[in-house]
Structures are given as C-alpha cells and as structure tokens.
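Given next are the chains, with one letter for each unit.
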Amino acid sequence: MEEVKENTKNTPISKKIKNIKDKGTDFSLRILAFIIAVISWFIMSITQFPTINKTISGVHVDFNMDGTAAEEKGLEALNYKDITVDVEIKGMNYEIGTYTENDLSATVNLKDVTKEGTYLLDIDVRSNHTTDRCTIVSVTPDTIEVDFDRMTQKTLKVDAEAPLVSAEEGYTLNKTSVTPEEITISGPKNELDKIDRVSARISKSKKLSENSPMQAEELVFYDADSNKLDSSKFTANSASDYIVQFEIYKKKVLNLSVNITGAPDGFDVSSLPMKLSEDKISVITPHLDDPDEEDLELGDIPLSSIDLKRTFSFKIPQKNKGEVNMSGTDSVIVSFDKEGYSSATFTLDSDNIELVGTPMVFTSEIDNEKLPNVVLYGPKEVIESLTDDDIRAKVSLSDIKEVGSYTKEATIYAEGKKNVWCFGTNEVQITVSKPKTDDSSSDSELS
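Reading the values: rules and limits
- Residues numbered from 1 in each chain as written.
- Predicted model: local features only at pLDDT ≥ 70, side-chain atom pairs only at ≥ 80, totals over all residues.
- Heavy atoms only, no water.
- Helix = DSSP H or I, 4+ residues; strand = E, 2+ residues; numbered from the N terminus.
- Buried < 20%, exposed > 50% of the residue type's maximum accessible area, 1.4 Å probe, protein only.
- Contact = heavy atoms within 4.5 Å.
- Areas by Shrake-Rupley, 256 points an atom, 1.4 Å probe, with all protein chains shown as cover.
- Core = buried A, V, L, I, M, F, W, Y, C linked by side-chain atoms within 4.5 Å.
- Pairing = 2+ DSSP bridges.
- Axes fitted to C-alpha atoms, helices over the stretch in contact; angles between N-to-C directions.
- Patch = residues over 30% accessible without salt bridge, like charges linked within 9 Å, V, L, I, M, F, W, Y side chains within 5 Å.
- Salt bridge = Lys/Arg side-chain N within 4 Å of Asp/Glu carboxyl O.
- Lys, Arg positive; Asp, Glu negative; His and termini not counted.
- Charge placed at Lys NZ, Arg CZ, Asp CG, Glu CD.

As recorded in an unreviewed UniProt entry, the protein goes by the name YbbR domain-containing protein, listed as coming from Ruminococcus albus.

Turning to the overall build of the protein, a few remarks are in order. Summing up its helical and strand segments, the protein has 6 helices and 30 strands in all. In the protein, which comprises 447 residues, the proportion classed as buried is 31%. Taking the intrachain contacts of the protein between residues at least 6 apart in sequence as the baseline, contacts between residues at least 24 apart amount to 76%. Roughly 27600 Å² of accessible area belongs to the protein as shown, and the carbon and sulfur atoms make up 47% of that amount.

Below, the discussion takes up the nonpolar core. Core analysis: the biggest nonpolar cluster contains 27 residues, and L121 and F148 have the highest contact counts within it. Counting residues per element, the ones that place at least two in this core are β1 (51-62), β3 (84-92), β4 (104-108), β5 (117-127), β6 (134-140) and β7 (143-161). Tallying contributions element by element places β5 first for this core, with 4 residues. Apart from residues lying up to four places away in sequence, F148 is in contact with F63, M65, E76, A77, L110, V113, K115, E116, G117, Y119 and L121. Ranked by size, the runner-up nonpolar core spans 25 residues in total, among them I185, M214, F234 and A239.

Bringing the sheet that holds strand β23 (residues 353-356) into the picture now. Reading across from one edge, β23-β26-β28 is the order of the 3 strands in this open sheet, with mixed pairing throughout. Of all the strands in the sheet, the pair left with one neighbour each is β23 and β28 (411-414). Strand after strand, the sheet turns through a mean of 25 degrees between neighbouring axes, direction not considered. The sheet contact formed by strand β26 (residues 391-396) and β28 spans 4 bridges and is antiparallel.

Let us look at a negative patch on the surface. On the surface, D112, D122, D124 and D142 cluster together into a negatively charged patch. By the element assignment, D124 lies in strand β5.

On to the sheet that holds strand β19 (residues 312-315). Backbone-to-backbone hydrogen bonds join strands into a sheet, with any given pair of strands oriented parallel or antiparallel. Across the sheet, 3 strands lie side by side as β16-β21-β19; this open sheet has antiparallel pairing. Whereas interior strands pair on both sides, the edge strands pair on one side only; in this sheet they are β16 (274-276) and β19. The average undirected angle you get between the axes of adjacent strands in this sheet is 20 degrees. In this structure, β19 lies alongside strand β21 (residues 331-336), joined through 4 bridges in antiparallel fashion. Considered in β21, the bridge of F314 is made with V332.

If you want it as structure tokens, here you go:
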C-alpha cells in the first residue's frame, strides 16, 4: 500500500517538469524562426528586389539667397511663394523604403541670377542621408519662374482726387491740397519707374460751403498715361496718414466804374455818353462773409480830356487780397458815343472869369483880357444854342503862399448847362500882391 501512494504523488511533478521543458523548446524555436524569416526577407530583398522606385509628395522647396551673386547685387525676388514638389527617387529598398518628405531637401538654383529680370530656375533635390545610395529620378515641377529686381525708393508730390466733392450754390471749390505734400514709395526699381503721379483719393460725395479737411480713403498710383497701377507692388504710408484740404471761395460780382475828375459844380457826370467794355465782372474771394455784389472804381478820367474820340484803358485791380478775377479779361476800355453830340469853339472874356479862394492877406487880378479857342462839348442842340457870353470860368487861388505872377488852369463851364464840358487846358495869368496901405488912415491913427 505505501508504494502505491508514493507513485501517485510523484506523477504530477514529473509531468510539470516535462511541460516546462516543452514550452522552453517551443519559445526558442519561435525566436529562431523569426530571425530566419528576417534574414530570408533581407536576402530576398537584396537578391530578388535590390532597388526600387518611390514617389514622395509634398517636399518643401527652400528659397535662400544668402551668399549668392543676386544678394551681392542687391536683387530681391518679387513674386516667389513657398511651394512643394513631388519627387521620384530610386535606391536600395532597405535604404529608401521608409523615406518621407523629411528625408529630402529641395532648393531653388540661383547661380544664373546676376541682374534684374525674369528667370526660369531649376529646383534641385537631394537626400538628407549622404550614406544612402539614393538617386533622384524626377521632380515635379522641376522649375519655377521668379522675377528679380532692385528695391529702391521714389519720392513724389501727392495730388488730391475727389470727383464727388463740390461747393454749395454761390461758392466754388478753388483748390485742393494734401498734407503731407509728398510720399516716399519703396519697391522694385522697374515698378517704381512706372509711377508718374500719386493721388490721395476721396470717393464719397459732399457739398461744401466752407474750408474743410477730409482724410484720404485711398492712395492711387498712376503711370504717364493715367493708367492705375497695382499698389500691392509698392510699400508706402497708409492713406489715412494724408489729409485733403478743400479751399472754398465765394462767388461775387463787382460793378465797375470810373471817376470823372475836374468837373465844374453842378455838372451831371451821368449825362456823359460813356461806355465800358465790361461794366461788371465775376470774381471769387476767400472772404466768405463778403456781400454778393460790390462796387469797384477803375481809376480817374479828367473831364477836360474827353473829346468823344479818345478811349481810355484801365487794368482791373484786385479789390481785396486773395480775390481771383473769373471774367477772362484783365482790362476795361472806356469809350464815348458821339451820336447826337457836337463841339464848338468860344472866346471867354476875362470879366467872366472868377477868382476864388484868394488868401485874405493878398489881392489878385487877371492879366488876360480874353481866353480864345475855348472848346466845349455837349448835346448838339445845346452847343448850337451857346454864345460867348454863356461861357464862364473859375480859378482857384487857395494854394497861394506869397506874392507874384502865377499861371493857373481855369475850370470852364456853360452857365446853367449841366451836360456841357470843356475839352483841353485853358490857363489864366494871375498877379498876386499885397493890399495897398491907406496912408491917411495911418496918419490919423498916429495923431
């Protein structure tokens, strides 16, 4: 009985030892099988598929001008944008089989870029692993077009452009200006050379009755033919940095006239048959509070110089500072209508000459007995009715300071006639002396 029990106890232990040995052998065999499989695959890769072709997409192209002739000459790429390429490579399967875009480097070949212009440049690709036997089969795309130019600056005056801004009724937009007056533009030389002018533009519509500043909405670049250029090619200040100033002037009418001098008392200047080539002109003025109309006297015409044949020319003066004449003419011709008028020659007796204004400390007398060849003008029927006795004259002596003989101009008129005048100069000889002393009065005063 005891022997049977011992065998029963020993059987499970032996089985366990045997299972452990079996499992160890199986695990070792599995490892060995794996190693043999890898070696077999490696051997087959080398012997059956030694090289493969593989296409890798999305390889980034690096554009670098450092150390190139283009950089030394101050050139810059104008239109280059980052791109990627698809690359087909060839090599040992075990070397390139796991390649991705990070295992390749693509660059733009800049060796031929030596001056401004447009170039079709090659894209070069290489493996990042120098020990691998990797061949570049194709690159798609294999070239890229790039423009090169020198970057420079250009300074121009800025004009105002506001097609929809105007003045209210009765006013006018005299001029516009821009602050600051100039703009400095940076960009490619070839593009900058195309710019002929720059405008600070305001597109909105507005009516103005006073000087108004407005912020520019846009900077517009034009060539010599007024074609709009692409502003994205240039670098400059923002449009908001520029203020357009609108200068408003008021419209005004000037009524023109001339002053008749030397007329005798009572003469009706309005009776003269006088005509002005322009009796009113339009002006604009910066004085916005001025009235709509004003009078402007052009100058003087001596009455004695009018013979109905002669004309007088006057430059139109500036009435107020800053006003601008908008009439298109800068002078006025004064002429006289002879229709219905005539002249006659008379002799003036000295008894009809009146001396006025003699200082009280002097006495005066006329040396002339007569003044011949006195020419009068006036309406025909009035002139024909005059006689020598109708002619009168006045001589002013108010400026006399001492005794002596003087030649004085007489103002001649027809008595009672307001529309007759004397043409030419008529001079009278005058003697001025001290009053005589009454001796008898002196003696009686002394006694």
